[in-house]
Amino acid sequence: MDELVFGPVPSRRLGRSIGVNNIPHKVCSYSCAYCQVGKGGRIQVERQEFYKPDTLIREVEQKLKLIKPSDYPDYITIVPDGEPTLDINLGTLIAKLKNLGVPVAVITNSSMLYRDDVKKDLALADYVSLKVDTVNPSVWKRINKPHKQLSLDKTLCAIVEFAQAYSGEYVTETMLVKDMNTLESELTAVAQFLQQVRPNIAYLSIPTRPPAYKGTFPPSEEMLLKAHELFSWHCLNVEYLTAYEGNTFAATGRFEDDLLGITAVHPMRLDAVRELMAKTSAAESTLNGLMATNRVKQITYEGQVFVVRSFDK
Ligand code: SF4
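Owing to the predicted nature of the structure, the values given are computational and were not obtained by experimental measurement.

## Concerning the environment of Arg295
Of note, Arg295 is situated in the loop between α10 (284-292) and β12 (296-301). Take Arg295: its relative accessible area is 29%, and that puts it in the partly exposed class. Taking C-alpha positions, Arg295 is 29 Å from Asn200, a pair spaced 95 residues apart along the chain.

Here is the structure:
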């Protein structure tokens, strides 16, 4: 039996979060090349009941009772090992979870948003994360391996409609996979689409754990930097959502921690890194040490030198 409720776990996006698994393992409308839940499972687009909402609510209530006040969660996040909107009871679940006094977040692959009942259910959440890996149908088939009844056009239209009507906080997440969706023309098209949708934050992520399919690799640091710059040029509030969770925003006054924290979210221009060194009285040798141990890299892009996090450990 899957663990239905887990955590609290630290999440950079959502602070401390309790996770709710409202879908059995890998029941999804996609079978993404980079899926970290593994291969197989069931690909479906029919909504159905998997667990009674009251069963899930009871488990969350029990979990909350055991949590010390200092560890109380900032969010209850519906983030199963599958697609949460396949749950026909999602709206009821969100409404009942909200009665517990903790904001509710849902992380979805967006593919079911074309349905009015799914839009209505998600509208109840306080925070929604929408997946937008590509706006190109052939890339979509390769990277997200959707159920054959799904249509990318419908999904993209539904995202625009949802974004216009939704009153909560919504973000987008774009997973970058080497040689799949990292061409400049691809990234520009995604950025142009997101410009229309205006998410609070457009996250860029990369596969970090072993993916479902062989031949699925993260892009280079150069490519990640390029994607960040391209999205920024389109006036998006863009952040990396990489494996480096935790200690990312608090300025500690220690150069090494602050540099690693900031570059987990954004590339940093070398002149800004030097300012940080001056502020924290750090020596050049500390930066050199981080580069020598491959924790950060220097990359020149469009005539500017940037310091970025290094992923090839
Ligand atoms: S949407 Fe999420 S759970 Fe579904 S296949 Fe893609 S990565 Fe895996």
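Let's pick the thread back up.
## A few points about the site of the ligand
Near the ligand the following residues occur: Cys28, Tyr30, Ser31, Cys32, Tyr34, Cys35, Gly82, Asn109 and Lys131. Grouping the amino acids of the shell around the ligand by side-chain chemistry returns five nonpolar, three polar and one charged.

## Quick notes on the domain arrangement of the protein
Looking at the assigned domains, one finds that the protein contains domain 1 (5-241) and domain 2 (260-309). Listed per partner, the contact involves eleven residues of domain 1 and twelve residues of domain 2. Carbon and sulfur atoms make up 70% of the area that domain 1 and domain 2 hide from each other, which totals about 1100 Å². Together, Glu221, Leu225 and Tyr240 form the three largest contributors to the area buried by domain 1 at its contact with domain 2, with a combined 50%.

## Some points on the pattern of salt bridges
Under the criterion given, the structure shown has 16 salt bridges. The partner of Lys68 in a salt bridge is Asp71, with the nearest N and O atoms 3.9 Å apart. Taking the relative accessible area as the measure of exposure, Lys68 reaches 51% and is therefore exposed. Residue Asp71 is classed as partly exposed on the basis of its relative accessible area, which comes to 28%.

## Regarding the sheet that holds strand β1 (residues 5-11)
Pairing within the open sheet is mixed, and its eight strands lie in the order β1-β2-β5-β6-β7-β8-β9-β10. Every interior strand has two partners, whereas the edge strands, β1 and β10 (238-241), have only one. Strand after strand, the sheet turns through a mean of 25° between neighbouring axes, direction not considered. Where helix α1 (residues 53-66) meets the sheet, its contacts fall on β1, β2 (15-20) and β5 (75-78), and the angle it forms with β1 comes to roughly 55°.

Rules used throughout
- Residues numbered from 1 in each chain as written.
- Predicted model: local features only at pLDDT ≥ 70, side-chain atom pairs only at ≥ 80, totals over all residues.
- Heavy atoms only, no water.
- Helix = DSSP H or I, 4+ residues; strand = E, 2+ residues; numbered from the N terminus.
- Buried < 20%, exposed > 50% of the residue type's maximum accessible area, 1.4 Å probe, protein only.
- Near = heavy atom within 4 Å.
- Nonpolar A, V, L, I, M, F, W, Y, C, P; charged D, E, K, R; others polar.
- Domains from an automatic or database assignment.
- Contact = heavy atoms within 4.5 Å.
- Buried area = accessible area lost by both parts, 1.4 Å probe.
- Salt bridge = Lys/Arg side-chain N within 4 Å of Asp/Glu carboxyl O.
- Pairing = 2+ DSSP bridges.
- Axes fitted to C-alpha atoms, helices over the stretch in contact; angles between N-to-C directions.

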